[in-house]
Amino acid sequence: MTSLFSRVVRAVKQLSSEVVVGAQCGSAVLRGAHVFTPGIIASPKYMKTGDVVSVFSDLEGKCTRGATSFQGKTAFVGNGVSEVERSSIFCSDKPAKGVGIRMVEPLYWSPSFDGVLPNLAFLQNLPSVVVGHVLGPRPGERILDMCAAPGGKTCHIAAIMGDQGEVVALDRIRNKIDRIRQNAQMLHLRSVKVYCFNSTQAVSSDPALQTEGPPFPPESFDRVLLDAPCSGLGQRPNMACTWSLKEICSYQPLQRNLFHAAVRLLKKGGVLVYSTCTVTLAENEEQVAWALKTFPCLTLQPQEPHIGGEGMPGAGLAPEQLRLLQRFSPELTWDQTQTTAPLHCRADKDTIGFFIAKFLKN
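Here goes a summary of the coordinates provided. Small disclaimer: the values here were computed from a predicted structure and weren't measured. (Residues numbered from 1 in each chain as written. Predicted model: local features only at pLDDT ≥ 70, side-chain atom pairs only at ≥ 80, totals over all residues. Heavy atoms only, no water.)

What to know about the overall build of the protein
So, step 1. Secondary structure assignment for the protein yields 12 helices and 14 strands.
So, step 2. Relative to the compact-globule value of 21 Å for 362 residues, the protein shows a C-alpha radius of gyration of 22 Å, a close match.
So, step 3. Dimensions of the protein, computed from the C-alpha atoms along their principal axes, are close to 70 × 45 × 40 Å.
So, step 4. A buried classification covers 48% of the 362 residues belonging to the protein.
So, step 5. Across the protein, the fraction of contacts at a sequence separation of at least 24, relative to all contacts at a separation of at least 6, is 74%.
So, step 6. By element, 54% of the accessible surface of the protein is carried by carbon and sulfur atoms, the whole surface being about 17,600 Å².
So, step 7. Looking at charge distribution, the protein has the averaged site of its 37 positive side-chain charges lying 2 Å from that of its 31 negative ones. (Helix = DSSP H or I, 4+ residues; strand = E, 2+ residues; numbered from the N terminus. Rg over C-alpha atoms; globule rule 2.2 N^0.38 Å. Buried < 20%, exposed > 50% of the residue type's maximum accessible area, 1.4 Å probe, protein only. Contact = heavy atoms within 4.5 Å. Areas by Shrake-Rupley, 256 points an atom, 1.4 Å probe, with all protein chains shown as cover. Lys, Arg positive; Asp, Glu negative; His and termini not counted. Charge placed at Lys NZ, Arg CZ, Asp CG, Glu CD.)

Some remarks on the sheet that holds strand E3 (residues 40–42)
So, step 1. Within the open sheet, the six strands sit side by side as E2-E6-E5-E4-E1-E3. Their pairing is mixed. A single partner strand is all that each edge strand has here, and the edge strands are strand E2 (35–36) and E3.
So, step 2. Where strand E5 (residues 74–82) lies against strand E6 (residues 99–106), five bridges are found, and the strand directions are antiparallel. Its bridge partner lying in E6, Asn-79 is registered against Glu-105. (Pairing = 2+ DSSP bridges.)

Things to note about the pattern of salt bridges
So, step 1. Scanning all chains against the criterion turns up 12 salt bridges.
So, step 2. When the shortest N-O distance is used, the salt bridge between Glu-141 and Arg-223 registers 2.7 Å. Here Arg-223 lies in strand E10 (residues 221–227) and Glu-141 lies in the loop between helix H4 (126–135) and strand E7 (142–145), a separation of 82 residues in the sequence. Accessibility assignment for this pair places Glu-141 and Arg-223 in one class, buried.
So, step 3. Residues participating in the shared-partner salt-bridge network are Arg-142, Glu-166, Lys-193 and Glu-212. (Salt bridge = Lys/Arg side-chain N within 4 Å of Asp/Glu carboxyl O.)

What about the pairing of strand E11 (residues 266–276)?
So, step 1. Of all 11 residues in E11, eight are buried; the element is thus mostly enclosed.
So, step 2. Direction of pairing for E11 relative to strand E14 (residues 354–361): antiparallel, over a ladder of six bridges. Directly across from Val-271, in E14, lies its bridge partner Leu-360.

This is the structure:
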């Protein structure tokens, strides 16, 4: 919902009393959150409950925890009212928790949807919603979500199917699996089955082996969503990126291993959707070009809806192939914030960075 709500920018006066929070906390504030106590790194020496303070995000992670001031590189995110005293943050024997600063004048007015209609609605960024519709699940089908946590796309797929059929959700991290289950239960979805499993190993070496959970025999699924682990460079707001070039480049081999499993698990005539929340050519268009060359059974398909921009040149794909891809750009100019153009006319320029490719297995 970044596209709808975080574009209201206000002139907020900075105060002399300053609190410094971590970059992750600062990003959450820009999305509409209050400052939770664990996110506070520095505060005024005599800060008391009820004090009005300006909140700054530490962009380089150089602020010392417990400091009373900081002269490093920061970004102003708004003003709030302290809910705690300084001593309860840094001098208490018990771990600090709960809201530390209640934001009353955030720089970006982005309403919080925490706890709003929890059994009926699940908040997602626009491209994440588009992915489910591009996959096109139908009632009665068996769908695989290979990298499912936290489960937003899994639940959306089940909802599109009318909760009729089976949506298998895999993730290799156990505490993330619990989150998928919680979200499915909260939305009363019975068709979702969740397993803690490494999707690169999800194809059974014994095709005759029939089990309910993974690994699965080849050609077990009507549609597969590979929302792959990626460098995440399309996420916004993003206060800081501490990843090295080596870390960013490490995702392409993993994505290709997942691709191998996805193609084997997909039935002939089935649909595979590949998506990422990053903007690099290597993780997006280059992966599409590699997949088309590696798997002759795959062909690119038109996407519906197609409200993003087309693919980026440079990976050897033909112009007509680039038009079948969908790329959402996180860049935003001030002029674009002032436009009155309908959402669908600016959707590829006012959201998180995202990429979608749709394949048919012939």
